[in-house]
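Chain residues, written in single-letter form:
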Amino acid sequence: MTAVFRLFSSVKQHESRHLKTSDKTEMAEIEANAANERTPLINYRLSRSLSSAGGVSADKEPPQQEPGSRKLSTFLGVVVPCTLSMFSVILFLRMGFLIGQAGLLVGIAQFFLAYCIVGLTILSVCAISTNGAIEGGGAYFMISRTLGPEFGGSVGVLFYFANIFSSALYTLGLVEALLGNFGAEDGSLAHALPAGRWWSFLYGTLFLLFNLLVCLVGAQMFARTSLVIFCVVQVAIFSVFISFGVENKPMNISLINSIPDPNLVNQTINHSLYTAFSVETAKENLWPDFGTDYSTTTIMNFATVFAIMFNGCTGIMAGANMSGDLANPSRSIPIGTISAVMATFVVYLLLCIFVAFTCERELLQNNYMVLQYINMWAPLPVIGLYSATLSAALSCLIGASRILEALSRDKLFGGVLRMLTITNRSGNPYVAVFVSWFLVQLILLIQQVNALAPIVSLLFILCYAAVNIACLALEWASAPNFRPMFKYFTWHTCLLGAVSCLVMMFLIDPMYAAIAIAFVAVLVLVIHYLSPDSSWGSITQALIFHQVRKYLLLLDIRKDHIKYWRPQMLLLVNNPRSCCQIISFTNDLKKGGLFVVGHVEVGSLCEQPYDPMQRQTTFWMNLVDNLKVKAFVELTLCPTVQLGVENLMRISGLGGMKPNTVMMGFYDNCAHKDTFLSMDVFKEPKEKRVQFADEEYGKMGEAFPPLRKVRVIAWMFLYLNVCCPFVHCQHEDEKVLKLSEYVAIISDAIKLTKNVCLLRYFHQMDRADLFSRKQTKYIDVWPVNMMKPEMASYFDVTCFFLLQLACILNMVPHWRKVTRMRVFLCVEGRDHNEPGTRRREAKLKELLTQLRIQADINIINWEHVICLRGHPEGTHLTDEAPVAMAITEEYLRAMNELIKQQSQNTAVNFLYLTRPPVDTSRYPEYLSRYDLLTHDLPPTVLVHGLSAVTSTDL
């Protein structure tokens, strides 16, 4: 026991010394590995143990935000701006008008409907805002980081213009209130200010200039200003409710220029329009009485009144717009927004009841300044109106500038908005503030509050719909990282909120709604092409993954039917420099099926410090993108090529979507040209090239090395691997793929029930020339086993597979325009009118008709070729079966010449490929036969089929 204890102690001491001496090395390795991780939490520390150990210095942590840049509390940053934005013009200038038009019941119903839409949207906002760190940009930031740059940026632009129009709306409301009290023509308090279109524009400009100065100072000045205004507004609202309790007093109100009826101009209403609390008055105001809006001469209805009223509910994003200035946005936005919405809803509901019980409809419909007339001190509602409206305009202006800064910082429109990212030392985006101020200044030219209100409502409703859709998508995607702290929502609330928003958009104004949605669609396309790649993540990918997983589970291979068979290709490629034509051709053959580009790298993972395939995957995917083929990429590292190909054939694909056909280049010693040098991507300026094409042999050369030059070998059957498209070979002294291994791969594919296609001479295909030709080219099919010509009158599975592949190629639009399909019928005898020949031709034509294949039938006499076969090499299979004759080189050369004579205008040949022999010693003979058969032909596909692919059933 003592010896064991000493041994254990010595081992522990040795390990301790080893840990101390290797501590820095381990820390360096940890840091190096951490550099490859893509997560914002990689530098997060629970302690300083690593830093103190010397492996990671504290100065390498990510820079923190400047102290003092986030100071706003929940009340100042969310409750105050939301409340002021939701009161403003609607509360002081349009409450009486809404009840006068819609009546008490419909008015309350409209508020309930509006707040239901708003409430459902708030649930989605709270869920998203409590799911992670929120930066500047408010709703735009939340939507873009959830739905991706295209959709999020488009909605962000709409949300920006919604705030711009809203700021102009509130400014015009302030001007309207100013002239209503102090206008030279119809001022209720004094006749001091001149009125007119350009005078109104001047007053709006002055108010907007004040907002500009506050925005230039920064968020802190905005918060302090808003707090003072908030207190004034609360006093004004309190005074309004108290004033409703005053007993009936005479109010002889002059309705001068209020009603667009010339019979009532300059007429004074001598009876009291204010009755204090009266059941009779409430009965008169109970039901709708839609009339004409005296300021715009528009005939009102439910939708137009709702559009005006909804502007009192559009301030729920005012707090979210300040997300970049909030001390704790994830906590402040939900608490502050919900509190502000509940408070404003109670105020609006009580105000509807008080107005309906105390004011006659004539007053409500024809004078916007109702609350001022009934107040115990008339100037107090005016002060509250000015304060709330000015604050709402200010809130929308500063919110718009933050959204514009976030849009420009994300570079969604390239470098067009680069100047808008300029800020001062405190982080205030003053350039974005100036641009937003200028746009609001232009919109002030409209001069009508009720004309702007529907536009503002539509823009905000569309933004609310986008927020609900974003939250719905996150919930449906079931992403593990979507776990918001706010739990009071479900996908039902998100869906109901999105649908209700879209329905209300079209109820308010179908034309404007359609224009807004079309504008979003155009912006999606613009941002898709202009914005750089982002690392935000896209909900589209999460939803696709969720749905694909679901449907893959439903895709049961046991239920496959021959009618719906489609080719699913696994193309084995080594160096695509010589195989771009093969990749494009295989893409044409897939017919909407699976296409996997496979590559085998010879080596062992245990000998590598990391997986070399990870780095190469990016280059291969960029290659696929630039070739514009719809393919997946599968790379593997194995000790031998044969084992790697077997792994690819077994594991490529998923579930019911697995390759059923293996494509390979032919094994020969022909030299290929570097097709990369002729690709369009290399003709572009260097700064516009894709990542894998930075230099001629720079980063791209690591994954796709230069082509090897072919050496002439005396023995014709010792083939090099230059044309074999899946063997990695860089230097002459490296081990090459052996001929026997190549044929063994074909045999393995057939054992795994994969169809096999060998492609030869496709490097000679000039696709640009082929598809630009006016002369018709042909897709030739030879459905005969040329290694067993005695079976020429029989159609087996491979023959049908040949016809199917050729038919699929001829169905591709750009192939169909320039090619026709030909099927060659090989017969013995020079007279094509012989009964046997005509009978075989009729049967073949009938077969093509049943298979719905449009092709020309060419009858070929090959009697002079058949006679070159050798002596019999087998016995009779049956009494009626022909004798199997030996295949000689003379026969193969003659067959090659026969095919060559018929291929003067051939684009692609499809030939029969037999199984490899069981005896591996005959592999060289097997391959040499097909080398002779296909020598110097046009691009040729050797096909061996195992799948039943054709059907005559409906």
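Procedures and definitions
- Residues numbered from 1 in each chain as written.
- Predicted model: local features only at pLDDT ≥ 70, side-chain atom pairs only at ≥ 80, totals over all residues.
- Heavy atoms only, no water.
- Patch = residues over 30% accessible without salt bridge, like charges linked within 9 Å, V, L, I, M, F, W, Y side chains within 5 Å.
- Areas by Shrake-Rupley, 256 points an atom, 1.4 Å probe, with all protein chains shown as cover.
- Salt bridge = Lys/Arg side-chain N within 4 Å of Asp/Glu carboxyl O.
- Helix = DSSP H or I, 4+ residues; strand = E, 2+ residues; numbered from the N terminus.
- Axes fitted to C-alpha atoms, helices over the stretch in contact; angles between N-to-C directions.
- Parallel < 35°, antiparallel > 145°, perpendicular 65-115°, else oblique.
- Left-handed = near helix turned anticlockwise from the far one by under 90°.
- Expected span 1.5 Å × (residues − 1).
- Buried < 20%, exposed > 50% of the residue type's maximum accessible area, 1.4 Å probe, protein only.
- Contact = heavy atoms within 4.5 Å.
- pLDDT = per-residue confidence, 0-100.
- Pairing = 2+ DSSP bridges.
- Phe/Tyr/Trp six-rings, centres within 6.5 Å; stacked < 30°, edge-to-face > 60°.
- Lys NZ or Arg CZ within 6 Å of the ring centre and 35° of its normal.
- Nonpolar A, V, L, I, M, F, W, Y, C, P; charged D, E, K, R; others polar.
- Core = buried A, V, L, I, M, F, W, Y, C linked by side-chain atoms within 4.5 Å.
- Polar contact = N/O pair within 3.5 Å; in protein donor to acceptor, adjacent residues only side chain to side chain.
- Right-handed = clockwise from strand over helix to strand, strands pointing away.

A. Fine view of a nonpolar patch on the surface. Together, W476, W491, L495, V499, V503 and L507 make up an exposed nonpolar region whose accessible area comes to about 510 Å². Examining the composition of the nonpolar patch, we find that five residues originate from one element, helix α17 (residues 491-508), more than from any other. Counting through the fold element by element, L507 comes out in helix α17.

B. Molecular detail of the environment of L554. Topologically, L554 is positioned in helix α19 (residues 539-554). Residues L554 and G655, 101 residues apart in the sequence, show an inter-C-alpha distance of 9.3 Å.

C. Highlighting the packing of helix α16 (residues 449-477) against α17. In contact at an axis separation of 8 Å, α16 and α17 are set at 155° when each is read in the N-to-C sense. As far as their axial angle goes, α17 and α16 are roughly antiparallel. Of the two possible hands of crossing, α16 and α17 adopt the one that is left-handed.

D. Representation of unusual backbone geometry in the model. For K628, which is not a glycine, the phi torsion comes out positive at approximately 60°. Examined against the element boundaries, K628 turns out to sit in the loop between α21 (612-627) and β5 (632-638).

E. Representation of helix α24 (residues 739-751) in the model. The terminal C-alpha atoms of α24 lie 19 Å apart, and with 13 residues this matches the ideal 18 Å at 1.5 Å per residue to within 8%. Of all 13 residues making up α24, eleven are buried, and the element is well covered by its neighbours. Among all positions in α24, only L739, E741, Y742, V743, A744, I745, I746, S747, D748, A749 and I750 are buried. Those residues of α24 that are buried lie in contact with α22 (641-651), β6 (661-665), β7 (755-760), α31 (923-933) and β12 (940-944). Of the residues trailing α24, T753 is marked for its positive phi of about 55°.

F. Structural detail: the confidence of the model for the protein chain. Summarising the model, the protein chain shows a mean pLDDT of 78, and 79% of its residues fall at 70 or more. Low pLDDT, under 50, characterises residues 1-45; the predicted model gives this stretch 17 contacts beyond four residues in sequence or across chains. Below a pLDDT of 50 lies the segment residues 254-271, which in the model reaches 24 contacts outside its immediate sequence neighbourhood of four places, other chains included.

G. Expanded view of the sheet that holds strand β9 (residues 819-827). Judged by pairing direction, the sheet is mixed, and its ten strands sit side by side in the order β5-β4-β3-β6-β7-β12-β11-β8-β9-β10 without closing on themselves. Of all strands in the sheet, those bounded by a partner on one side alone are β5 and β10 (856-861). Strand after strand, the sheet turns through a mean of 25° between neighbouring axes, direction not considered. Across the sheet, α22 is in contact with β3 (569-572), β4 (595-602), β5 and β6; its angle to β4 comes to roughly 150°.

H. Looking closely at the packing of aromatic side chains. Across all of its chains, the model carries 27 aromatic pairs by this definition. Judged by centre distance (5.8 Å) and plane angle (80°), the ring pair of F795 and F800 falls under edge-to-face. One aromatic cluster is present, formed by F159, F302, F306, F310, F460 and Y464 through successive ring pairs. Positioned above the aromatic ring of Y778 is the side chain of R822, whose terminal nitrogen or guanidinium carbon lies 4.0 Å from the ring centre.

I. Quick peek at the packing of α22 against α24. Packing of α22 against α24 brings their axes to within 10 Å, and their N-to-C directions diverge by 20°. Viewed along their axes, α22 and α24 adopt a mutual orientation that is roughly parallel. In the crossing of α22 with α24, the sense of the turn from one axis to the other is right-handed. Judged by residue contacts, V641, Q642, V645 and M649 of α22 engage E741, A744, I745, D748 and A749 from α24. For the contact of α22 with α24, the class distribution of residues is six nonpolar, one polar and two charged.

J. Geometry of the pattern of salt bridges. Evaluation of the coordinates by the stated rule reveals twelve salt bridges. A salt bridge links D668 to R760, with the shortest nitrogen-to-oxygen separation between them at 3.0 Å. In this pair, D668 is assigned in the loop between β6 and α23 (699-703) and R760 in strand β7, connecting sequence segments 92 residues apart. Note that E897 is salt-bridged to K900, the shortest N-O span being 3.8 Å. Here E897 and its partner K900 are both found in helix α30 (residues 889-901), three residues apart, which amounts to about one turn of the helix. Residue K900 is classed as partly exposed on the basis of its relative accessible area, which comes to 23%. Linked through salt bridges whose partners overlap, the residues forming this network are D668, R760 and D931.

K. Broad picture of the nonpolar core. Within the largest apolar cluster, 166 residues are counted, with the highest numbers of intra-cluster contacts made by L91, F244 and L351. By residue number, the principal contributor to this core is helix α4 (residues 74-129), which donates 29 residues. F244 has contacts with Y274, F277, L351, F354, V355, T358, L371 and I374, leaving out every residue within four places of it along the chain. Core analysis: the next-biggest nonpolar cluster, separate from the first, contains 62 residues, L571, F619, V823 and L825 among them.

L. Local environment of the environment of T618. Mapped onto the fold, T618 is located in helix α21. Taking the C-alpha atoms as reference points, T618 and V633, 15 residues apart in sequence, are found 9.7 Å from one another.

M. Looking closely at the side chain of T940. Structurally, the position occupied by T940 is in strand β12. Looking at T940, its side chain comes within polar contact range of the main-chain oxygen of P938, at 2.6 Å. Once residues lying within four places of it in the same chain are set aside, the contact partners of T940 are L758, L759, R760, F762, N909, L911 and T934.

N. Inspection of the side chain of S747 at higher detail. By the element assignment, S747 lies in helix α24. By relative accessible area, which is 13% here, S747 ends up buried. Look past the residues within four positions of S747 in its chain and what remains in contact with it is P916 and Y923.

O. Up close: the pairing of β7. Of all six residues in β7, six are buried, a share of seventy percent or more. In the sheet, β6 pairs with β7 via five bridges, with the strands oriented parallel. Its bridge partner lying in β7, G665 is registered against L759. Alignment of β7 against β12, held across five bridges, turns out to be antiparallel. In the sheet register, L759 faces β12, and the bridge partner there is V941.

P. Representation of the pairing of β12 in the model. Counting buried residues in β12 gives five out of five residues, a clear majority hidden from the surface. Residue alternation in β12 divides its side chains into two sets, T940, L942 and H944 and V941 and V943, and both sets are buried. Pairing between strand β11 (residues 906-912) and β12: four bridges, direction parallel. Considered in β12, the bridge of N909 is made with T940. Each parallel crossover has a hand, and for β11 linked through α31 to β12 it is right-handed.

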